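Chain by chain, the residues:
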Amino acid sequence: MISKGNDRLKIICQRNLENLAYVNCRLYPLFYCEDLWVSAYEKLKSNKGAMTPGVGKSSLDGFSLERIDKKIQLFREEKWNPKPARRILIPKPGKKVKRPLGIQGPEEKIVQEIVRRILEAIYEPVFLDVSHGFRPRQSCHSALSDVEKKFQGMFWIIEGDITGCYDNIPHETLISILRKRISDERFLNLIWKFLRAGYLYSGEVVPHPTLIGTPQGSIVSPLLANVYLNELDHWIVCLRDQYYEDGLSMTQSRTQEMKSLRSRRGRIEKALKTVVGSDRAELVRQLKSLKNVSLKTSYYDHSSKPKRIQYIRYADDWILGIYGPKSMAVEIKDRLSNFLSGELGLELNPDKTHMTDVRRKCVLFLGYHIQIPANGKLLKMRSPKGNIYTKRTTGQLVQLLVPMDRVISRLYQKGFCDVDGFPLSQKKWSSQDDVEIVRSFRSVFYGLINYYSGASYQHCLGRIDYILRYSCAKTLAHRHNSSCSKIFKKFGKELVIPNSSVSLIKNQYTNKRQRW
């Protein structure tokens, strides 16, 4: 098969990479390329839920080249229209309200996958490094790693929450943003069709009631949201550069207290070169006292340091770090709110958007607690001659912490433990055989341990290990009408099932453990 469409996508990506203002045209004829349809099908067929039908009983099962040829002909005649999505409501973790999710039909899934690949070839080269959600080679871990590297020394963090981000994106504004890089009305008209396709709920077709919102559950929806919020990324980066330029000439200066202490220490050290006897002993005592006081005194005047802003976004979750006074943080929050409402038609949720002094309180982002302790660290050091002395070390480093209360609450909701974290038998799995029981626990176990492998302090992962390991043992004991101690005696601490490779490997959770 000639890979004409895939080759064209590579050319589009290269042109957008070479020219960040490149305007793309003649995108609609890409739907005439059979190889794009086949590669889209190959990508989707192995996904979990790929065979789930949308409206009607048809699914990806049995999709053939003959069907592809018919769809290509419909695209040539511009007669193809997407069917409404089948809407279902899924629970939100820890909340009573449910999230609406649209399940697309098989043809809609394949067409949206082609649209996604086209948009990705155009916009991936121009997306900023601050964006990590739904992008190749980016993840929650890459976002958290950047937070750890770039947010050192920040005073204030704004936790951003946009009210119903996906449900409130104005269609007109979205299409106008797409028109900046795309000059093909037939392609844009196809996106219009998806935005207004409506959904099927309780057996009735409900047309899209408004001109806002991207359908959740759609393959192309996360990328469209990234394209839309890319405007926010660029605005904040420009704001960051403005503050950096304003403070570029400012140098760090010592506090008046530190200047006074260093001046007194200098006079004493100069006098020690000439004074002898009891007067010298008194000067040595004063010098030691001044050194101890200086260890507890602020070294730099923070008001003299250049103001800094850092920003990280994962999909519609983002945080803004600010190094500067509280008035600066309040001003930035107000300007950001005005930009969102005035330029993008979105609103900050006042109940969920917080401005936090991160030196005193943790901030929750992507399932981690972020903390930046303000206290400088003092270490006991030993000199080459064996003398012990105290030394000030660098403080204000970012700490990524596991929110154990939230993790235990989720495990409690799933039935792995009680509200206090005491392991319980997962009775709904006890009807499975031993291999399937351990495999089910292993999936949950490795998922949590791997996700929180970036924590600054690893020892708390042992608590998660304990809950799931003993919950698994109790489930096996429930199946065999036995006890935990007998299960561990039979299968070992790692619960190795005979004649299989399934087990729960025991790890040492120390701070020297490899992260990420």
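Residues numbered from 1 in each chain as written. Predicted model: local features only at pLDDT ≥ 70, side-chain atom pairs only at ≥ 80, totals over all residues. Heavy atoms only, no water.

Going by the annotation in an unreviewed UniProt entry, the name recorded for the protein is Reverse transcriptase domain-containing protein, with Rhipiliopsis peltata given as the source organism.

Caption draft 1: Representation of the nonpolar core within the structure. Within the largest apolar cluster, 130 residues are counted, with the highest numbers of intra-cluster contacts made by Phe31, Leu119 and Leu178. The element best represented in this core is helix H8 (residues 221–246), accounting for 10 residues. Apart from residues lying up to four places away in sequence, phenylalanine 31 is in contact with Trp37, Ile72, Phe75, Val111, Ile114, Val115, Ile118, Phe187 and Leu190. Of all hydrophobic cores here, the second largest spans six residues; its members include Leu261, Leu272, Leu283 and Leu287. (Core = buried A, V, L, I, M, F, W, Y, C linked by side-chain atoms within 4.5 Å. Buried < 20%, exposed > 50% of the residue type's maximum accessible area, 1.4 Å probe, protein only. Helix = DSSP H or I, 4+ residues; strand = E, 2+ residues; numbered from the N terminus. Contact = heavy atoms within 4.5 Å.)

Caption draft 2: Local environment of the environment of asparagine 24. On the secondary structure map, asparagine 24 appears in strand S1 (residues 24–25). Its relative accessible area of 1% is what places asparagine 24 among the buried residues. Spatially, the C-alpha atom of asparagine 24 lies 7.8 Å from that of isoleucine 122, the residues being 98 residues apart in sequence. Not counting chain neighbours up to four residues away, the residues in contact with asparagine 24 comprise Ile12, Asn16, Ile122, Arg181, Ile182, Ser183 and Asp184.

Caption draft 3: Structural view of the pattern of salt bridges. Counting across every chain of the model gives 22 salt bridges. Close ionic contact of glutamate 124 with arginine 135 constitutes a salt bridge, the shortest N to O distance being 2.6 Å. Placement of glutamate 124 in the loop between helix H4 (106–123) and helix H5 (140–150) and of arginine 135 in the loop between H4 and H5 is noted, with a sequence separation of 11 residues between them. Grouping residues by exposure puts glutamate 124 and arginine 135 together as buried. Linking arginine 335 and glutamate 331 is a salt bridge whose minimum nitrogen-to-oxygen distance equals 3.8 Å. Separated by four residues within a single helix, arginine 335 and glutamate 331 lie in helix H11 (residues 326–344), roughly one turn from each other. (Salt bridge = Lys/Arg side-chain N within 4 Å of Asp/Glu carboxyl O.)

Caption draft 4: A look at the pairing of strand S8 (residues 308–314). Burial analysis of S8 places six of its seven residues in the buried class, which makes it a mostly covered element. For S8 and strand S9 (residues 317–323), the ladder comprises seven bridges, and the chain directions are antiparallel. For glutamine 310, the partnering residue across the bridge sits in S9 and is glycine 321. (Pairing = 2+ DSSP bridges.)

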